[in-house]
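Okay, here's what each chain looks like letter by letter:
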Amino acid sequence: MIDSKRIIVVLPAYNASKTLLDTYNEIPFDIVDDVILVDDNSTDNTVEVANQLGIKNIIRHDNNLGYGGNQKSCYNKALELKADIIIMLHPDYQYTPKLIHSMSYLIANDVYPVVIGSRILGKGALKGGMPLYKYISNRFLTFFQNVLMNQKLSEYHTGYRAYSKSVLEKIDYNTNSDDFIFDNQFLAQIFYNGFEIAEITCPTKYFEEASSINFRRSLQYGLGVLKTSIAYFLSKNKIYQSNLFRK
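1. Overview of the nonpolar core
Judged by nonpolar contacts, the single largest core of 34 residues is most densely connected at V10, Y75, Y163, F186, I190 and I197. Taken together, the elements giving at least two residues each to this core come down to β1 (7–13), β2 (34–39), α3 (67–80), β4 (85–88), β5 (114–118), α7 (165–170), α8 (182–192) and α9 (215–236). Considering every element that reaches this core, the biggest residue donor is α8, with seven residues. In this structure V10 touches I36, C74, Y75, A78, I86, I87, M88 and L89, once residues within four positions along its chain are discounted. Residues I7, A16, A50 and I100 belong to the second largest nonpolar core, which totals 31 residues.

Here is the structure:
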């Protein structure tokens, strides 16, 4: 807790049994009040490991809903538990929990309502093992989005994010995709609703157990990003109102 603001870390998990312990052990419980783990119908023993760690708030999907569907359950539960600051952290140990302090204080002190950990600021992406094709596509898609959305983010595709409660309460994220494009839709909606986003440099690790989508899914995601950006531009300029951006 920071200044009476309740901080909850949400872990959208899928087959994270091998990395959950390392992730959990780095969470700074001097400020974090609670942890929520949502298991998206894993085929390994992720839930057993979570129980062994003493995580009290565990949700297990009976069917695999997808990455976006997992996050919806995470955020809905966090709001139910009266979170003021919600940190979305992947339990695959790709992002370090050691940045939770920095991300939380920016929100708790009312500097920014949203903070994301950027792999592109600095040299974290390629140094951490990001495949070259993903790095190049990341840079292209980010440039395209910044032009159409009139923003200056270093990337829109990180999975490390912190939100103020007010953001989750204002945006109807439950109507977004259940797939990976959920993340991108959410950031676009945040900008559309007038919120600002801060970025901090974030190292990242690519290794066998870290979750990553294949080339085919990456291509689908890229097309979804282009579609989201165009929909934002058309809606913002009152040319065509997309359902994504109805206030």
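There is more to say after this.
2. Here's the deal with the packing of α3 against α8
The N-to-C vectors of α3 and α8 enclose an angle of 55 degrees; their axes lie 9 Å apart at closest approach. The orientation of α3 with respect to α8, classified from their angle, is oblique. Every residue of α8 that contacts α3 at Y67, G68, Q71, K72 and Y75 is listed here: F182, D183 and F186. Here the contact of α3 with α8 is composed, by residue class, of four nonpolar, two polar and two charged.

3. Considerations on the pattern of salt bridges
Tallying each qualifying case throughout the model produces eight salt bridges. For E80, the salt bridge identified is with K77, shortest N-O distance 3.1 Å. Here E80 and its partner K77 are both found in helix α3, three residues apart, which amounts to about one turn of the helix. Its salt-bridge partner being R119, residue E155 comes within 2.7 Å of it at the nearest N-O pair. Pair noted here: E155 is in the loop between α6 (132–149) and β6 (161–164) and R119 is in the loop between β5 and α5 (124–127), with a separation of 36 residues, a long-range link.

4. Topic: a nonpolar patch on the surface
Taken together, the side chains of F233, I239 and Y240 present a nonpolar region at the surface, about 330 Å² in accessible area. Tracing the backbone through its elements, the reader meets Y240 in the segment after α9.

5. Some points on the side chain of T158
As for its placement among the helices and strands, T158 is situated in the loop between α6 and β6. Relative accessible area serves as the criterion here: at 0%, T158 is assigned to the buried category. Within the local environment of T158, its side chain forms a polar contact with the backbone oxygen of G117, the two atoms lying 2.6 Å apart. Beyond its immediate stretch of four places on either side in the chain, T158 contacts Y95, I116, G117, R119 and D183.

6. Describing the pairing of β4
What you see with β4 is no split at all: I85 and I87 on one side and I86 and M88 on the other are buried throughout. Sheet topology note: the β1/β4 ladder contains four bridges and is parallel. Bridge pairing links V10 to M88 in β4. Note that β4 and β6 share four bridges and pair antiparallel. Its bridge partner lying in β6, I86 is registered against Y163.

7. Remarks on the side chain of N193
With respect to the helices and strands, the residue N193 is situated in the loop between α8 and β7 (197–201). For N193, a relative accessible area of 17% puts it in the buried group. Separated by 2.8 Å, the side chain of N193 and the backbone oxygen of Q189 make a polar contact.

Definitions and limits used
Residues numbered from 1 in each chain as written. Predicted model: local features only at pLDDT ≥ 70, side-chain atom pairs only at ≥ 80, totals over all residues. Heavy atoms only, no water. Core = buried A, V, L, I, M, F, W, Y, C linked by side-chain atoms within 4.5 Å. Buried < 20%, exposed > 50% of the residue type's maximum accessible area, 1.4 Å probe, protein only. Helix = DSSP H or I, 4+ residues; strand = E, 2+ residues; numbered from the N terminus. Contact = heavy atoms within 4.5 Å. Axes fitted to C-alpha atoms, helices over the stretch in contact; angles between N-to-C directions. Parallel < 35°, antiparallel > 145°, perpendicular 65-115°, else oblique. Nonpolar A, V, L, I, M, F, W, Y, C, P; charged D, E, K, R; others polar. Salt bridge = Lys/Arg side-chain N within 4 Å of Asp/Glu carboxyl O. Patch = residues over 30% accessible without salt bridge, like charges linked within 9 Å, V, L, I, M, F, W, Y side chains within 5 Å. Areas by Shrake-Rupley, 256 points an atom, 1.4 Å probe, with all protein chains shown as cover. Polar contact = N/O pair within 3.5 Å; in protein donor to acceptor, adjacent residues only side chain to side chain. Pairing = 2+ DSSP bridges.

Geometry only, nothing functional implied.
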